[in-house]
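Given next are the chains, with one letter for each unit.
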Amino acid sequence: MTKTHQTPRETLVLRPGHVSLAELRRVSAGGLRLTLDPAALAGMQAAQATVQTIADEDQVVYGINTGFGKLASTKIAHDHLADLQRNLVLSHSVGTGDPLPDPVVRMVLATKAVSLARGHSGVRPVLVDALLALANADVLPVIPAKGSVGASGDLAPLAHLACVLIGEGQAKVDGRVVSGREAMAAVGLKPFVLGPKEGLALLNGTQVSTALALAGLFAAESVFAAGLVSGALTLEAIKGSVKPFDARIHEARGQAGQIAVAAAVRALLKGSAIDPSHPNCGRVQDPYSIRCVPQVMGACLDNLTHAARVLRIEANAASDNPLVFTDTQEVISGGNFHAEPVAFAADIIALALSEIGAISERRLSLLLDPGLSGLPAFLIRESGLNSGFMIAQVTAAALAAENQCLAHPSSVTSLPTSANQEDHVSMATYGARRLMEMARNTAVIVGVEAMSAAQGMEFDRSLKSSPLIEAQFAAIRRRVAFLEQDRYLAPDIESMRQWAADTVWPAPLAACLPSHS
């Protein structure tokens, strides 16, 4: 098989310990040429030399010349060490389910390379080079999504990645699924014979959980920003009050996310002619879904910000076991493979996603209720003959309820494995994997709200909103026409889901998002 002909567009230098979330977002999109900071080479070489010395001197050290898990007390003869590592990879390749999405696999390759390059894993630098070669050619291991409990690392999914390096398993080359051997040939490499500890270093680690959680974080940030826009559109459609967004209210409480959200909404609405037009309208207080946007969305932002901090650290972490410390020539067993930090981060992202959708659905319901909104029932002329947005709100309610079920913490479910040697696990992999489904649900909810709010605004276009809101109104109208009478709405809802998921948001919103800073 010939080498792939993809030409990367830009080089990104990965600095182990210092890779940013913004860089990982670019990695997930593909099209980059990834290189490793040359400063990492010496540490990798020193750690590998320490491991090789232990193997050559036949010292008994876990992971180098012993069995694994419950079999850690079994000593392995020197002439079987290569078989030990190969057997480990093959025996752990037991994943099931659909393959992980390409953006996630790209981040797995990059973060595994970064972790090994921290200089605590004891692998040869050529293994790290091979991981980056696969990423650069977009030759992506086929990694089944299910089968990890998120402790002792993401063993099964990472084994499927490691299989490709030894010429086993499967990978995608130019969109085709090929054997691991063919995949290695596509990047000009021969399958590896793994050295001491190398199979274990590839399998141990939290890279799959972390990559899934990062994908969920990035998607959550998008729908968070969309939720602020849809909320501002709804406020304008019902001629709500901007007074609850006064900076003094939020400074008096002091919650950082709340302060930032209030400032972002004020920036979105700056220059609107709608709010000053109704100072004596009799509306004393808007419902909580309007009035408490800073408090609710601010708490969501605080969750996302904390999760982002945890995931940035984990994406740069040495999380296999045991770890090599060359300053003292020690190899020490610990538990950095336990993905509890990722599990907790995934759980709070899930909570944020659920609440972004929940408050959006409540605003949507408000828009459709003429007693609360002052707008035509279900945002349609000749209601009765037409149902308008009535059932679109039912879809939003169904998805909000589904998200509330999915938001149940995954980290509290632990089942022991490996004959009770691994007696507490994180379940981070599932906790992170559900996030993309939740984000998609939330994007639909927020998109339906934005579409409905734009409809509501059109019943009175005598005054213009702010430049930023008018720009979003125009973007929505390019996707979805005004609903004069009932029509087939499913394509409109899908288009608005894409608006919520994919829009490049204006600076006041982008500045809030933790992975953009």
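In what follows, the structure referred to is the one given above.
A few points on the structure.

Criteria and thresholds
Residues numbered from 1 in each chain as written. Predicted model: local features only at pLDDT ≥ 70, side-chain atom pairs only at ≥ 80, totals over all residues. Heavy atoms only, no water. Helix = DSSP H or I, 4+ residues; strand = E, 2+ residues; numbered from the N terminus. Rg over C-alpha atoms; globule rule 2.2 N^0.38 Å. Buried < 20%, exposed > 50% of the residue type's maximum accessible area, 1.4 Å probe, protein only. Contact = heavy atoms within 4.5 Å. Areas by Shrake-Rupley, 256 points an atom, 1.4 Å probe, with all protein chains shown as cover. Lys, Arg positive; Asp, Glu negative; His and termini not counted. Charge placed at Lys NZ, Arg CZ, Asp CG, Glu CD. Core = buried A, V, L, I, M, F, W, Y, C linked by side-chain atoms within 4.5 Å. Salt bridge = Lys/Arg side-chain N within 4 Å of Asp/Glu carboxyl O. Axes fitted to C-alpha atoms, helices over the stretch in contact; angles between N-to-C directions. Parallel < 35°, antiparallel > 145°, perpendicular 65-115°, else oblique. Left-handed = near helix turned anticlockwise from the far one by under 90°. Nonpolar A, V, L, I, M, F, W, Y, C, P; charged D, E, K, R; others polar.

Quick look at the overall build of the protein
In terms of helices and strands, the protein carries 20 helices and nine strands. Expected size for 517 residues packed as a compact globule is a radius of gyration near 24 Å; at 26 Å, the protein falls within 12% of this value. Projected onto its principal axes, the C-alpha positions of the protein cover 85 × 50 × 40 Å. Across the 517 residues that make up the protein, the buried fraction comes to 55%. Sequence separation of 24 or more characterises 77% of the internal contacts of the protein that already satisfy a separation of 6 or more. For the protein, the accessible area works out to roughly 20700 Å², and carbon and sulfur atoms hold 55% of it. The protein carries 42 positive and 47 negative side-chain charges, and their two centres are separated by 5 Å.

Brief notes about unusual backbone geometry
Residue Pro 322 follows Asn 321 across a cis peptide bond; omega there is -5°. For Pro 322, the position within the fold is in the loop between helix H13 (293-315) and strand S8 (323-325). Phi at Asp 58 takes a positive value of approximately 60°, unusual for a residue other than glycine. Following the sequence through the fold, Asp 58 ends up in the loop between helix H2 (41-56) and helix H3 (81-91). Overall, the relative accessible area of 38% leaves Asp 58 in the partly exposed class. Look at Lys 197: it is not a glycine, yet its phi comes out positive at around 75°. Under the relative-accessibility criterion, Lys 197 is labelled buried at 0%.

A word on the nonpolar core
Counting residues in each nonpolar core, the largest one holds 164 residues, and the members touching the most others are Phe 224, Leu 228 and Trp 499. With 20 residues, helix H9 (residues 207-237) is the largest single contributor of residues to this core. Among residues more than four places away in sequence, those in contact with Phe 224 are Val 261, Met 297, Leu 301, Leu 304, Ile 356, Cys 512 and Leu 513.

Some thoughts on the environment of Gly 67
Looking at the secondary structure, you find Gly 67 in the loop between H2 and H3. Accessibility expressed as a relative area gives 8% for Gly 67, which makes it buried. Between the alpha carbons of Gly 67 and Leu 88 there is a distance of 9.1 Å; along the sequence they are 21 residues apart.

Examining the pattern of salt bridges
All chains considered together, the criterion is met by 19 salt bridges. A salt bridge links Arg 381 to Glu 484; the nearest nitrogen and oxygen atoms lie 3.5 Å apart. With Arg 381 in the loop between helix H15 (370-373) and helix H16 (390-406) and Glu 484 in the loop between helix H18 (467-479) and helix H19 (490-502), this pair connects stretches of sequence that are 103 residues apart. Given a relative accessible area of 51%, Glu 484 falls into the exposed group. If you follow the salt bridges from partner to partner, you end up with Arg 440, Glu 494 and Arg 497 in one network.

Structural notes on the packing of H9 against helix H11 (residues 256-269)
The geometry of H9 relative to H11 is characterised by a closest axis approach of 10 Å and an angle of 55° between their N-to-C directions. The angle between H9 and H11 falls in the class oblique. For the crossing formed where H9 meets H11, the hand is right-handed. For the pair H9 and H11, the contacting residues are Phe 224, Leu 228, Val 229, Ala 232, Leu 235 and Glu 236 in the first and Val 261, Ala 264, Val 265, Leu 268 and Leu 269 in the second. Partitioned by chemical class, the residues of the contact of H9 with H11 number ten nonpolar, no polar and one charged.

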